[in-house]
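Chain and residue survey
Single-letter residue listing:
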Protein chains: 2
Amino acid sequence: MSARTSAISEKRRRELVHAAYKQIAEGGFEGLRTREVAAEVGVNIATLHYYFPTKESLIGGVLEYAMGRFRTTLEPHGSPSDQLRNHLRAVRKLMVAQPELAAVMGELTLRSSRDPAVRAIVDGMFATWQSTMRGLLRRAVKNGTLPAQQDSGAVAGLVIAAIMGSTLPQVDPKRGDQAIRQLERLLGI
Amino acid sequence: MSARTSAISEKRRRELVHAAYKQIAEGGFEGLRTREVAAEVGVNIATLHYYFPTKESLIGGVLEYAMGRFRTTLEPHGSPSDQLRNHLRAVRKLMVAQPELAAVMGELTLRSSRDPAVRAIVDGMFATWQSTMRGLLRRAVKNGTLPAQQDSGAVAGLVIAAIMGSTLPQVDPKRGDQAIRQLERLLGI
DNA sequence: GAGCCTCCATCAAGTGTTTAATTAGCCGGC
DNA sequence: GCCGGCTAATTAAACACTTGATGGAGGCTC
(Lines give C-alpha, C1' and ligand atoms only; values in the text may rest on other atoms or scores of the structure.)
Protein backbone atom coordinates (compact mmCIF):
# COMPACT_ATOMS: atom_id res chain seq x y z
CA MET A 1 0.00 0.00 0.00
CA SER A 2 2.55 2.55 1.17
CA ALA A 3 5.14 3.86 -1.23
CA ARG A 4 8.10 2.29 0.44
CA THR A 5 7.76 -1.43 0.28
CA SER A 6 11.11 -3.08 0.11
CA ALA A 7 11.91 -5.35 -2.82
CA ILE A 8 11.97 -8.43 -0.66
CA SER A 9 8.68 -7.50 0.90
CA GLU A 10 7.08 -7.02 -2.48
CA LYS A 11 8.39 -10.38 -3.56
CA ARG A 12 6.87 -12.10 -0.55
CA ARG A 13 3.54 -10.52 -1.25
CA ARG A 14 3.66 -11.75 -4.82
CA GLU A 15 4.64 -15.23 -3.70
CA LEU A 16 1.74 -15.38 -1.29
CA VAL A 17 -0.75 -14.05 -3.79
CA HIS A 18 0.42 -16.45 -6.43
CA ALA A 19 0.20 -19.40 -4.08
CA ALA A 20 -3.33 -18.40 -3.13
CA TYR A 21 -4.15 -17.96 -6.78
CA LYS A 22 -3.06 -21.50 -7.59
CA GLN A 23 -4.88 -22.77 -4.55
CA ILE A 24 -8.14 -21.15 -5.66
CA ALA A 25 -7.65 -22.40 -9.20
CA GLU A 26 -7.48 -25.97 -8.07
CA GLY A 27 -9.86 -25.97 -5.15
CA GLY A 28 -12.08 -22.94 -5.48
CA PHE A 29 -12.67 -20.46 -2.68
CA GLU A 30 -14.06 -23.35 -0.76
CA GLY A 31 -10.61 -24.94 -0.71
CA LEU A 32 -8.59 -21.89 0.17
CA ARG A 33 -6.73 -22.35 3.46
CA THR A 34 -4.41 -19.67 4.69
CA ARG A 35 -2.19 -22.25 6.32
CA GLU A 36 -1.67 -24.09 3.07
CA VAL A 37 -0.88 -20.89 1.27
CA ALA A 38 1.75 -20.07 3.83
CA ALA A 39 3.09 -23.61 3.72
CA GLU A 40 3.44 -23.55 -0.04
CA VAL A 41 5.50 -20.40 0.14
CA GLY A 42 7.42 -21.92 3.01
CA VAL A 43 6.64 -19.34 5.66
CA ASN A 44 4.83 -19.36 8.94
CA ILE A 45 1.14 -18.65 9.04
CA ALA A 46 1.82 -15.52 11.04
CA THR A 47 4.02 -14.21 8.26
CA LEU A 48 1.11 -14.41 5.89
CA HIS A 49 -0.93 -12.34 8.29
CA TYR A 50 1.93 -9.91 8.53
CA TYR A 51 1.48 -9.12 4.86
CA PHE A 52 -2.25 -9.69 4.64
CA PRO A 53 -4.07 -8.92 7.87
CA THR A 54 -7.08 -10.98 6.88
CA LYS A 55 -7.94 -13.74 4.48
CA GLU A 56 -10.19 -11.24 2.78
CA SER A 57 -7.25 -8.99 2.01
CA LEU A 58 -5.35 -11.93 0.57
CA ILE A 59 -8.28 -12.62 -1.71
CA GLY A 60 -8.15 -8.97 -2.65
CA GLY A 61 -4.57 -9.49 -3.76
CA VAL A 62 -5.57 -12.46 -5.85
CA LEU A 63 -8.39 -10.49 -7.40
CA GLU A 64 -6.04 -7.72 -8.39
CA TYR A 65 -3.52 -10.18 -9.76
CA ALA A 66 -6.04 -12.11 -11.84
CA MET A 67 -7.61 -8.97 -13.21
CA GLY A 68 -4.25 -7.59 -14.18
CA ARG A 69 -3.43 -10.78 -15.97
CA PHE A 70 -6.70 -10.71 -17.84
CA ARG A 71 -6.66 -7.04 -18.66
CA THR A 72 -3.36 -7.18 -20.51
CA THR A 73 -4.81 -9.47 -23.15
CA LEU A 74 -7.84 -7.27 -23.52
CA GLU A 75 -5.77 -4.49 -24.96
CA PRO A 76 -6.21 -4.69 -28.73
CA HIS A 77 -3.14 -4.91 -30.88
CA GLY A 78 -2.22 -5.55 -34.48
CA SER A 79 -3.37 -3.62 -37.49
CA PRO A 80 -6.74 -1.98 -37.00
CA SER A 81 -8.28 -4.09 -39.74
CA ASP A 82 -7.96 -7.34 -37.87
CA GLN A 83 -7.85 -6.16 -34.28
CA LEU A 84 -11.22 -7.70 -33.69
CA ARG A 85 -10.15 -11.07 -34.96
CA ASN A 86 -6.93 -10.87 -32.99
CA HIS A 87 -8.80 -9.93 -29.90
CA LEU A 88 -11.11 -12.92 -30.04
CA ARG A 89 -8.24 -15.25 -30.73
CA ALA A 90 -6.12 -13.78 -27.98
CA VAL A 91 -8.74 -14.05 -25.29
CA ARG A 92 -9.66 -17.54 -26.30
CA LYS A 93 -6.02 -18.60 -26.47
CA LEU A 94 -5.37 -17.13 -23.05
CA MET A 95 -8.19 -19.10 -21.50
CA VAL A 96 -7.01 -22.33 -23.07
CA ALA A 97 -3.35 -21.78 -22.28
CA GLN A 98 -4.05 -20.82 -18.70
CA PRO A 99 -6.90 -22.88 -17.35
CA GLU A 100 -5.94 -21.61 -13.90
CA LEU A 101 -6.89 -18.11 -14.92
CA ALA A 102 -10.15 -19.31 -16.38
CA ALA A 103 -10.95 -21.13 -13.16
CA VAL A 104 -10.12 -18.17 -10.96
CA MET A 105 -12.08 -15.84 -13.20
CA GLY A 106 -15.05 -18.13 -12.88
CA GLU A 107 -14.74 -18.23 -9.12
CA LEU A 108 -14.41 -14.49 -8.90
CA THR A 109 -17.33 -13.89 -11.22
CA LEU A 110 -19.52 -16.14 -9.14
CA ARG A 111 -18.31 -14.58 -5.93
CA SER A 112 -18.98 -11.10 -7.25
CA SER A 113 -22.66 -11.66 -6.71
CA ARG A 114 -22.12 -11.93 -2.96
CA ASP A 115 -19.08 -9.81 -2.28
CA PRO A 116 -19.52 -6.12 -3.07
CA ALA A 117 -15.80 -5.45 -3.10
CA VAL A 118 -15.20 -8.17 -5.65
CA ARG A 119 -18.25 -7.13 -7.57
CA ALA A 120 -17.05 -3.58 -8.00
CA ILE A 121 -13.79 -4.66 -9.58
CA VAL A 122 -15.14 -7.50 -11.68
CA ASP A 123 -17.95 -5.30 -12.92
CA GLY A 124 -15.48 -2.62 -13.86
CA MET A 125 -13.42 -5.10 -15.79
CA PHE A 126 -16.41 -6.36 -17.73
CA ALA A 127 -17.54 -2.84 -18.45
CA THR A 128 -14.13 -1.99 -19.86
CA TRP A 129 -14.12 -5.14 -21.91
CA GLN A 130 -17.58 -4.44 -23.21
CA SER A 131 -16.73 -0.94 -24.36
CA THR A 132 -13.45 -2.06 -25.88
CA MET A 133 -15.29 -4.70 -27.79
CA ARG A 134 -17.93 -2.29 -28.98
CA GLY A 135 -15.22 0.05 -30.20
CA LEU A 136 -13.58 -2.75 -32.13
CA LEU A 137 -16.89 -3.77 -33.65
CA ARG A 138 -17.72 -0.27 -34.78
CA ARG A 139 -14.30 0.22 -36.23
CA ALA A 140 -14.52 -3.06 -38.08
CA VAL A 141 -17.86 -2.04 -39.58
CA LYS A 142 -16.55 1.33 -40.67
CA ASN A 143 -13.51 -0.49 -41.95
CA GLY A 144 -15.55 -2.74 -44.15
CA THR A 145 -14.23 -5.96 -42.62
CA LEU A 146 -17.54 -6.51 -40.92
CA PRO A 147 -21.09 -6.24 -42.23
CA ALA A 148 -23.12 -3.47 -40.63
CA GLN A 149 -24.68 -4.26 -37.29
CA GLN A 150 -27.79 -2.83 -35.72
CA ASP A 151 -26.62 -2.84 -32.16
CA SER A 152 -22.91 -3.07 -31.51
CA GLY A 153 -23.55 -3.14 -27.77
CA ALA A 154 -25.67 -6.25 -27.99
CA VAL A 155 -23.14 -7.94 -30.25
CA ALA A 156 -20.36 -7.09 -27.82
CA GLY A 157 -22.44 -8.55 -25.02
CA LEU A 158 -23.01 -11.70 -27.00
CA VAL A 159 -19.33 -12.11 -27.77
CA ILE A 160 -18.39 -11.70 -24.13
CA ALA A 161 -21.09 -14.08 -22.97
CA ALA A 162 -20.00 -16.65 -25.53
CA ILE A 163 -16.37 -16.41 -24.52
CA MET A 164 -17.12 -16.65 -20.82
CA GLY A 165 -19.51 -19.51 -21.43
CA SER A 166 -17.06 -21.38 -23.58
CA THR A 167 -14.44 -21.34 -20.85
CA LEU A 168 -16.61 -23.04 -18.30
CA PRO A 169 -14.86 -26.17 -17.16
CA GLN A 170 -17.28 -28.74 -18.47
CA VAL A 171 -16.79 -27.61 -22.02
CA ASP A 172 -13.69 -29.33 -23.23
CA PRO A 173 -11.34 -26.89 -24.95
CA LYS A 174 -12.06 -28.23 -28.41
CA ARG A 175 -15.77 -27.56 -28.13
CA GLY A 176 -15.06 -24.13 -26.77
CA ASP A 177 -12.88 -23.27 -29.74
CA GLN A 178 -15.50 -24.60 -32.10
CA ALA A 179 -18.11 -22.41 -30.51
CA ILE A 180 -16.01 -19.29 -30.83
CA ARG A 181 -15.07 -20.08 -34.41
CA GLN A 182 -18.72 -20.57 -35.14
CA LEU A 183 -19.44 -17.18 -33.66
CA GLU A 184 -16.80 -15.61 -35.87
CA ARG A 185 -18.41 -17.23 -38.87
CA LEU A 186 -21.84 -15.93 -37.91
CA LEU A 187 -20.53 -12.47 -37.33
CA GLY A 188 -18.75 -12.56 -40.67
CA ILE A 189 -15.27 -11.92 -39.36
CA MET B 1 -33.26 -44.53 -1.75
CA SER B 2 -35.36 -47.52 -0.71
CA ALA B 3 -38.79 -47.98 -2.14
CA ARG B 4 -40.66 -47.39 1.06
CA THR B 5 -39.92 -43.96 2.27
CA SER B 6 -42.86 -42.53 4.07
CA ALA B 7 -44.43 -39.38 2.76
CA ILE B 8 -43.31 -37.35 5.73
CA SER B 9 -39.80 -38.66 5.39
CA GLU B 10 -39.70 -37.74 1.74
CA LYS B 11 -40.95 -34.31 2.61
CA ARG B 12 -38.15 -33.82 5.13
CA ARG B 13 -35.58 -34.79 2.56
CA ARG B 14 -37.00 -32.31 0.11
CA GLU B 15 -37.05 -29.60 2.74
CA LEU B 16 -33.44 -30.22 3.62
CA VAL B 17 -32.33 -30.31 0.01
CA HIS B 18 -34.21 -27.16 -0.77
CA ALA B 19 -32.74 -25.36 2.20
CA ALA B 20 -29.26 -26.40 1.15
CA TYR B 21 -30.05 -25.31 -2.37
CA LYS B 22 -31.03 -21.85 -1.23
CA GLN B 23 -27.99 -21.72 0.98
CA ILE B 24 -25.66 -22.53 -1.90
CA ALA B 25 -27.43 -20.05 -4.13
CA GLU B 26 -26.78 -17.23 -1.76
CA GLY B 27 -23.41 -18.17 -0.36
CA GLY B 28 -21.84 -20.67 -2.70
CA PHE B 29 -20.41 -23.98 -1.58
CA GLU B 30 -18.07 -21.96 0.53
CA GLY B 31 -21.01 -20.81 2.59
CA LEU B 32 -22.83 -24.07 2.97
CA ARG B 33 -23.14 -25.05 6.63
CA THR B 34 -25.03 -28.15 7.62
CA ARG B 35 -26.08 -26.54 10.86
CA GLU B 36 -27.69 -23.65 9.07
CA VAL B 37 -29.47 -25.96 6.70
CA ALA B 38 -30.88 -27.91 9.61
CA ALA B 39 -31.79 -24.70 11.43
CA GLU B 40 -33.65 -23.31 8.44
CA VAL B 41 -35.75 -26.44 8.24
CA GLY B 42 -36.17 -26.32 11.99
CA VAL B 43 -34.62 -29.64 12.89
CA ASN B 44 -31.59 -30.73 14.83
CA ILE B 45 -28.28 -31.22 13.12
CA ALA B 46 -28.43 -34.91 13.90
CA THR B 47 -31.69 -35.18 12.03
CA LEU B 48 -30.00 -33.89 8.94
CA HIS B 49 -27.38 -36.55 9.31
CA TYR B 50 -30.08 -39.11 9.69
CA TYR B 51 -31.33 -38.33 6.20
CA PHE B 52 -27.99 -37.46 4.68
CA PRO B 53 -25.11 -39.32 6.29
CA THR B 54 -22.57 -36.85 5.01
CA LYS B 55 -22.47 -33.31 3.73
CA GLU B 56 -21.38 -34.77 0.43
CA SER B 57 -24.59 -36.74 0.15
CA LEU B 58 -26.61 -33.61 0.87
CA ILE B 59 -24.79 -31.88 -1.95
CA GLY B 60 -25.63 -34.89 -4.09
CA GLY B 61 -29.27 -34.25 -3.30
CA VAL B 62 -28.94 -30.61 -4.30
CA LEU B 63 -27.20 -31.61 -7.50
CA GLU B 64 -30.02 -33.96 -8.39
CA TYR B 65 -32.62 -31.35 -7.52
CA ALA B 66 -31.00 -28.59 -9.54
CA MET B 67 -30.45 -30.81 -12.53
CA GLY B 68 -34.01 -31.99 -12.44
CA ARG B 69 -35.23 -28.44 -12.34
CA PHE B 70 -33.06 -27.52 -15.27
CA ARG B 71 -33.80 -30.59 -17.32
CA THR B 72 -37.53 -30.02 -17.36
CA THR B 73 -37.14 -26.77 -19.24
CA LEU B 74 -34.77 -28.39 -21.69
CA GLU B 75 -37.52 -30.60 -23.03
CA PRO B 76 -38.71 -28.96 -26.21
CA HIS B 77 -42.37 -28.21 -26.55
CA GLY B 78 -44.68 -26.33 -28.82
CA SER B 79 -45.16 -26.85 -32.52
CA PRO B 80 -42.04 -28.24 -34.20
CA SER B 81 -41.64 -25.14 -36.32
CA ASP B 82 -40.79 -22.89 -33.39
CA GLN B 83 -39.49 -25.36 -30.86
CA LEU B 84 -36.04 -23.88 -31.24
CA ARG B 85 -37.25 -20.38 -30.56
CA ASN B 86 -39.31 -21.58 -27.63
CA HIS B 87 -36.37 -23.47 -26.26
CA LEU B 88 -34.09 -20.45 -26.24
CA ARG B 89 -36.76 -18.30 -24.69
CA ALA B 90 -37.63 -20.88 -22.09
CA VAL B 91 -34.07 -21.42 -20.90
CA ARG B 92 -33.38 -17.75 -20.80
CA LYS B 93 -36.60 -17.04 -18.99
CA LEU B 94 -35.86 -19.73 -16.48
CA MET B 95 -32.49 -18.27 -15.67
CA VAL B 96 -33.90 -14.80 -15.20
CA ALA B 97 -36.91 -15.91 -13.21
CA GLN B 98 -34.83 -18.11 -10.95
CA PRO B 99 -31.49 -16.51 -10.29
CA GLU B 100 -31.01 -19.07 -7.56
CA LEU B 101 -30.94 -21.82 -10.12
CA ALA B 102 -28.49 -19.91 -12.24
CA ALA B 103 -26.23 -19.42 -9.24
CA VAL B 104 -26.35 -23.04 -8.21
CA MET B 105 -25.74 -24.17 -11.78
CA GLY B 106 -22.72 -21.95 -11.87
CA GLU B 107 -21.41 -23.32 -8.61
CA LEU B 108 -21.98 -26.87 -9.73
CA THR B 109 -20.37 -26.28 -13.09
CA LEU B 110 -17.29 -24.87 -11.43
CA ARG B 111 -17.20 -27.62 -8.88
CA SER B 112 -17.49 -30.24 -11.59
CA SER B 113 -13.88 -29.64 -12.49
CA ARG B 114 -12.76 -30.89 -9.08
CA ASP B 115 -15.44 -33.31 -8.03
CA PRO B 116 -15.72 -36.39 -10.27
CA ALA B 117 -19.17 -37.28 -8.97
CA VAL B 118 -20.51 -33.83 -9.79
CA ARG B 119 -18.65 -33.82 -13.06
CA ALA B 120 -20.26 -37.02 -14.26
CA ILE B 121 -23.76 -35.68 -13.78
CA VAL B 122 -23.14 -32.15 -14.99
CA ASP B 123 -21.33 -33.46 -18.03
CA GLY B 124 -24.22 -35.76 -18.78
CA MET B 125 -26.66 -32.90 -18.53
CA PHE B 126 -24.66 -30.76 -20.92
CA ALA B 127 -24.30 -33.63 -23.34
CA THR B 128 -28.04 -34.14 -23.35
CA TRP B 129 -28.62 -30.46 -23.82
CA GLN B 130 -26.13 -30.32 -26.65
CA SER B 131 -27.72 -33.17 -28.56
CA THR B 132 -31.21 -31.84 -27.96
CA MET B 133 -30.13 -28.51 -29.31
CA ARG B 134 -28.50 -30.06 -32.32
CA GLY B 135 -31.67 -31.97 -33.05
CA LEU B 136 -33.70 -28.80 -32.85
CA LEU B 137 -31.30 -27.00 -35.14
CA ARG B 138 -31.36 -29.73 -37.74
CA ARG B 139 -35.11 -29.94 -37.63
CA ALA B 140 -35.39 -26.20 -38.01
CA VAL B 141 -33.14 -26.28 -41.06
CA LYS B 142 -35.09 -29.09 -42.65
CA ASN B 143 -38.19 -27.20 -41.71
CA GLY B 144 -37.11 -24.12 -43.54
CA THR B 145 -37.35 -21.85 -40.51
CA LEU B 146 -33.59 -21.68 -40.32
CA PRO B 147 -30.98 -21.12 -43.03
CA ALA B 148 -28.72 -24.10 -43.63
CA GLN B 149 -25.82 -24.50 -41.26
CA GLN B 150 -22.49 -26.13 -41.87
CA ASP B 151 -21.98 -27.59 -38.44
CA SER B 152 -25.01 -27.95 -36.23
CA GLY B 153 -22.82 -29.25 -33.42
CA ALA B 154 -20.73 -26.11 -33.33
CA VAL B 155 -23.82 -23.92 -33.45
CA ALA B 156 -25.35 -25.88 -30.59
CA GLY B 157 -22.15 -25.42 -28.61
CA LEU B 158 -22.20 -21.71 -29.29
CA VAL B 159 -25.79 -21.36 -28.17
CA ILE B 160 -25.11 -23.22 -24.96
CA ALA B 161 -21.97 -21.24 -24.26
CA ALA B 162 -23.81 -18.00 -24.91
CA ILE B 163 -26.67 -18.92 -22.61
CA MET B 164 -24.38 -20.03 -19.82
CA GLY B 165 -22.23 -16.97 -20.26
CA SER B 166 -25.19 -14.63 -20.27
CA THR B 167 -26.38 -15.96 -16.94
CA LEU B 168 -23.19 -15.17 -15.11
CA PRO B 169 -24.03 -12.88 -12.24
CA GLN B 170 -22.15 -9.80 -13.35
CA VAL B 171 -24.20 -9.51 -16.49
CA ASP B 172 -27.33 -7.74 -15.49
CA PRO B 173 -30.42 -9.54 -16.81
CA LYS B 174 -31.15 -6.93 -19.44
CA ARG B 175 -27.74 -7.32 -21.06
CA GLY B 176 -28.11 -11.06 -20.96
CA ASP B 177 -31.41 -10.91 -22.78
CA GLN B 178 -29.97 -8.56 -25.34
CA ALA B 179 -27.14 -10.96 -25.99
CA ILE B 180 -29.45 -13.90 -26.52
CA ARG B 181 -31.76 -11.90 -28.75
CA GLN B 182 -28.76 -10.83 -30.74
CA LEU B 183 -27.77 -14.46 -31.11
CA GLU B 184 -31.25 -15.29 -32.39
CA ARG B 185 -30.94 -12.52 -34.92
CA LEU B 186 -27.57 -13.77 -36.09
CA LEU B 187 -28.82 -17.30 -36.37
CA GLY B 188 -31.84 -16.12 -38.32
CA ILE B 189 -34.44 -17.48 -35.99
C1' DG C 1 -44.19 -52.24 21.55
C1' DA C 2 -41.56 -51.95 17.24
C1' DG C 3 -39.61 -48.99 14.25
C1' DC C 4 -39.06 -44.72 12.30
C1' DC C 5 -37.80 -40.23 13.71
C1' DT C 6 -35.87 -36.43 16.62
C1' DC C 7 -33.07 -34.22 20.00
C1' DC C 8 -29.30 -33.24 23.53
C1' DA C 9 -24.68 -33.40 24.43
C1' DT C 10 -20.40 -33.94 22.75
C1' DC C 11 -16.23 -34.91 20.00
C1' DA C 12 -12.15 -34.29 17.05
C1' DA C 13 -10.32 -31.87 13.61
C1' DG C 14 -9.77 -27.93 11.69
C1' DT C 15 -10.04 -22.53 11.00
C1' DG C 16 -8.73 -17.60 10.83
C1' DT C 17 -6.32 -14.82 13.80
C1' DT C 18 -3.26 -13.08 17.55
C1' DT C 19 0.46 -12.69 20.97
C1' DA C 20 4.88 -12.52 22.48
C1' DA C 21 9.32 -13.47 21.35
C1' DT C 22 13.49 -13.89 18.16
C1' DT C 23 16.55 -12.71 14.43
C1' DA C 24 18.95 -9.74 11.15
C1' DG C 25 20.22 -5.48 9.42
C1' DC C 26 20.70 -0.51 9.69
C1' DC C 27 21.76 4.10 11.57
C1' DG C 28 23.50 7.71 14.58
C1' DG C 29 26.34 9.01 18.53
C1' DC C 30 30.14 8.16 21.52
C1' DG D 1 35.25 1.00 15.76
C1' DC D 2 31.46 -0.16 18.25
C1' DC D 3 27.46 -0.01 20.83
C1' DG D 4 22.54 0.67 21.88
C1' DG D 5 18.35 1.34 20.13
C1' DC D 6 15.24 0.90 16.20
C1' DT D 7 12.62 -1.41 12.58
C1' DA D 8 11.36 -5.00 9.37
C1' DA D 9 10.65 -9.82 9.00
C1' DT D 10 9.81 -14.09 10.84
C1' DT D 11 8.42 -17.66 14.09
C1' DA D 12 6.30 -21.02 17.73
C1' DA D 13 2.45 -21.52 20.25
C1' DA D 14 -1.68 -20.86 21.28
C1' DC D 15 -6.68 -18.69 21.29
C1' DA D 16 -11.37 -18.67 20.29
C1' DC D 17 -14.44 -20.34 17.51
C1' DT D 18 -16.51 -23.24 13.79
C1' DT D 19 -17.66 -27.39 11.52
C1' DG D 20 -18.93 -32.05 10.22
C1' DA D 21 -20.11 -35.93 12.52
C1' DT D 22 -21.74 -39.33 16.38
C1' DG D 23 -23.99 -41.98 20.28
C1' DG D 24 -27.45 -42.80 23.02
C1' DA D 25 -31.74 -41.59 25.05
C1' DG D 26 -36.24 -40.70 24.35
C1' DG D 27 -40.78 -39.78 21.59
C1' DC D 28 -44.42 -40.45 18.22
C1' DT D 29 -47.33 -43.31 15.32
C1' DC D 30 -49.33 -47.42 13.68
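We now turn to the structure provided with this report. (Residues numbered from 1 in each chain as written. Chains lettered and ligands numbered in written order. Predicted model: local features only at pLDDT ≥ 70, side-chain atom pairs only at ≥ 80, totals over all residues. Heavy atoms only, no water.)

The environment of DNA strand D is formed by 21 residues, the closest being A:Arg12, A:Asn44, A:Tyr51, B:Arg33 and B:Arg35. Among the atoms of DNA strand D lying within 4 Å of the protein, the sugar-phosphate backbone contributes 59%. For DNA strand D, a phosphate oxygen lies 2.7 Å from a polar atom in the backbone of B:Lys55. Contributing elements (two or more residues each) for the surface near DNA strand D: helix 1 (7-27) and helix 3 (45-51) of chain A together with helix 2 (34-41) and helix 3 (45-51) of chain B. (Near = heavy atom within 4 Å. Polar contact = N/O pair within 3.5 Å; in protein donor to acceptor, adjacent residues only side chain to side chain. Helix = DSSP H or I, 4+ residues; strand = E, 2+ residues; numbered from the N terminus.)

The subject of this paragraph is the pattern of salt bridges. In this structure the tally under the stated criterion is 21 salt bridges over all chains. Close ionic contact of B:Glu30 with A:Arg111 constitutes a salt bridge, the shortest N to O distance being 2.5 Å. Of the two residues, B:Glu30 is situated in the loop between helix 1 (7-27) and helix 2 and A:Arg111 in helix 6 (residues 99-111); the pairing between them involves two chains. Note that B:Asp115 is salt-bridged to B:Arg111, the shortest N-O span being 3.0 Å. What you see here is one network of salt bridges that share partners, running through A:Glu30, A:Glu107, B:Glu56, B:Arg111, B:Arg114 and B:Asp115. (Salt bridge = Lys/Arg side-chain N within 4 Å of Asp/Glu carboxyl O.)

Listed by partner, the interface residues are 40 residues for chain B and 42 residues for chain A. At the boundary of chain B with chain A, total buried surface from both sides reaches about 3,400 Å², with 63% on carbon and sulfur atoms. Put simply, chain B and chain A have six salt bridges between them. For the interface between chain B and chain A, the tally reads five residue pairs in polar contact (both at pLDDT 80 or more). Listed by contribution, the elements that provide at least two residues to the side of chain B that touches chain A are helix 1, helix 6 (99-111), helix 7 (116-143), helix 8 (152-166) and helix 9 (173-187) of chain B. The leading source of residues in the side of chain B that touches chain A is helix 8 of chain B, at nine residues. In the side of chain B that touches chain A, the residues fall into 15 nonpolar, 15 polar and ten charged. (Contact = heavy atoms within 4.5 Å. Buried area = accessible area lost by both parts, 1.4 Å probe. Nonpolar A, V, L, I, M, F, W, Y, C, P; charged D, E, K, R; others polar.)

Glancing now at the packing of aromatic side chains. In this description, a pair of aromatic rings is defined by centroid distance and the angle of the planes. All names here are of chain B. Going through the model one piece at a time under the given rule, you end up with eight aromatic pairs over all chains. Centre to centre, the rings of Tyr50 and Tyr51 are 5.2 Å apart; their planes meet at 85°, and the pair counts as edge-to-face. Taking relative accessible area as the criterion, Tyr50 reaches 65% and is therefore assigned exposed. Tyr51 sits in the buried class, given a relative accessible area of 16%. (Phe/Tyr/Trp six-rings, centres within 6.5 Å; stacked < 30°, edge-to-face > 60°. Buried < 20%, exposed > 50% of the residue type's maximum accessible area, 1.4 Å probe, protein only.)

Let's shift gears to the environment of A:Pro169. Position of A:Pro169 relative to the elements: it lies in the loop between helix 8 (152-166) and helix 9 (173-187). Considering only alpha carbons, one finds A:Pro169 and A:Glu10, 159 residues apart in sequence, at a separation of 33 Å.

Another point: the packing of helix 9 of chain A against helix 8 of chain B. Put simply, helix 9 of chain A and helix 8 of chain B touch, their axes get as near as 8 Å, and they point 95° apart. As judged from the angle between their axes, helix 9 of chain A and helix 8 of chain B are roughly perpendicular. Across the interface between the two elements, A:Gln178, A:Ala179, A:Gln182, A:Leu183 and A:Leu186 from helix 9 of chain A touch B:Ala154, B:Val155, B:Gly157 and B:Leu158 from helix 8 of chain B. Grouping the amino acids of the contact of helix 9 of chain A with helix 8 of chain B by side-chain chemistry returns six nonpolar, three polar and no charged. (Axes fitted to C-alpha atoms, helices over the stretch in contact; angles between N-to-C directions. Parallel < 35°, antiparallel > 145°, perpendicular 65-115°, else oblique.)

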